[in-house]
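# Commentary on secondary and tertiary structure
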Amino acid sequence: MIYRVVSYIPHILFKPLYDLYEGYLFERVKSNGRIPKHVAIIMDGNRRWARKLEKPPWYGHLFGSQKLEEILDWCRELEIRTLTVYAFSTENFKRSEKEVNALMNLFEKKFRELIEDERVHRYGIRVNVLGRKELLPENVRKAAEDAERATKKYSNYYLNIALAYGGRSEIVDAIRKIVENLEQGEIRKEDINEELLKKYLYVPNMSDPDIVIRTGGEIRISNFLLYQIAYSELFFVDVYFPEFRKIDFLRIIREYQKRQRRFGR
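If you're wondering where the values come from, they're calculated on a predicted model, not measured in any experiment.

So, how was this worked out
Residues numbered from 1 in each chain as written. Predicted model: local features only at pLDDT ≥ 70, side-chain atom pairs only at ≥ 80, totals over all residues. Heavy atoms only, no water. UniProt positions renumbered as here; feature names shortened; annotations may be inferred. Helix = DSSP H or I, 4+ residues; strand = E, 2+ residues; numbered from the N terminus. Contact = heavy atoms within 4.5 Å. Polar contact = N/O pair within 3.5 Å; in protein donor to acceptor, adjacent residues only side chain to side chain. Phe/Tyr/Trp six-rings, centres within 6.5 Å; stacked < 30°, edge-to-face > 60°. Buried < 20%, exposed > 50% of the residue type's maximum accessible area, 1.4 Å probe, protein only. Lys NZ or Arg CZ within 6 Å of the ring centre and 35° of its normal. Core = buried A, V, L, I, M, F, W, Y, C linked by side-chain atoms within 4.5 Å. Axes fitted to C-alpha atoms, helices over the stretch in contact; angles between N-to-C directions. Parallel < 35°, antiparallel > 145°, perpendicular 65-115°, else oblique. Left-handed = near helix turned anticlockwise from the far one by under 90°. Nonpolar A, V, L, I, M, F, W, Y, C, P; charged D, E, K, R; others polar.

For the rest of this paragraph, the subject is the UniProt feature "active site" (unreviewed entry) in the protein chain. When the UniProt feature table is mapped onto this chain, "active site" (unreviewed entry) is found at D44 and N92. A stretch of 49 residues holds the annotated residues, and the largest C-alpha distance among them is 12.2 Å, short enough that they meet in one place. With respect to the element layout, D44 can be found in the loop between β2 (38-42) and α2 (46-52). Look past the residues within four positions of D44 in its chain and what remains in contact with it is R214, T215, G216, E218, V239, Y240 and F241. A distance of 3.0 Å separates polar atoms of two side chains, one belonging to D44 and the other to R48.

As structure tokens, this is what we get:
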């Protein structure tokens, strides 16, 4: 089911009321007990937010990265174990060289910060990078792999970052590996089923998202986790990603808790 949320940044005069409502929503969500295990987010609207403020695109991406850190804290507070975010698609390489370079430098910086972040190690957050990493500049690829290596022993929480990612590409790459193993006699044709295919995706056997959130006001999936979101609940938010608030996040979880998921039954 598709659900659209309209969000506005509250005036500072309303902050006490906002804080009160946020606390109320948090308690309602926690007391329900039906907390999603996996939330996926299409982080859209960074550039448009920057344009609105008459700033360059990198300004929006920087504040978007800071918002992601907040969302990680929200997930931990609610004990949502897996967060998957769409950071950079294979199509995004078509953007201007200046913007792509700025993004790549930001990615490298953030991966290095993840390695040193004491919260990552205190809470046991494992970092996985989904995508065609061979398309990334060497410095970014190395930083991503270092972050994966530094956190591979953790299993309390999972942060999956889709980088140089495309949902169709993921399925194609999985099929190529299956065909290769089939030709080598490592698997049989009879072994091929949905469960086998999941083992060949970028993060093998990753749980399917319960919720997919897209910020920025667009109502489309944009080639994100095409195989994994077959039965996910979809939420579209009319707010740019840097402006996405905890109250918006809690309202989405609250709406999710009201739904009855049938999985085709």
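This brings us to the packing of aromatic side chains. Inspection of every chain in the model, using the stated rule, returns 14 aromatic pairs. Between Y86 and Y165 the ring centres are 5.8 Å apart and the planes differ by 85 degrees, which places this aromatic pair in the edge-to-face class. With a gap of 79 residues between them, Y86 in strand β3 (residues 82-89) and Y165 in strand β5 (residues 157-165) connect regions that are remote in the sequence. One exposure class covers both Y86 and Y165, and it is buried. A network of ring pairs unites the aromatic residues W49, W58, Y59 and F63 as a single cluster. Seen from the ring of Y157, R81 lies directly overhead, with NZ or CZ sitting 4.8 Å from the centre.

Our focus in this paragraph is the nonpolar core. Formed by 51 residues in total, the largest nonpolar core has its most connected members in I41, L83, F111, I213, F244 and F249. A total of seven residues in this core trace back to one element, the largest contributor, which is helix α4 (residues 97-116). F249 has contacts with V39, W74, C75, L78, I80, I213 and F244, leaving out every residue within four places of it along the chain. Residues I42, A162, Y202 and L225 belong to the second largest nonpolar core, which totals 16 residues.

The next subject is the packing of helix α3 (residues 57-78) against α4. Following both chains from N to C, one finds α3 and α4 inclined at 25 degrees, their axes separated by 10 Å at the closest point. By the angle between their axes, α3 is roughly parallel relative to α4. Both α3 and α4 take part in a crossing whose hand is right-handed. On α4, the residues that touch P57, W58, H61, L62, S65 and E69 of α3 are E99, A102, L103, L106, K110 and E113. Tallied by class, the residues present in the contact of α3 with α4 amount to six nonpolar, two polar and four charged.

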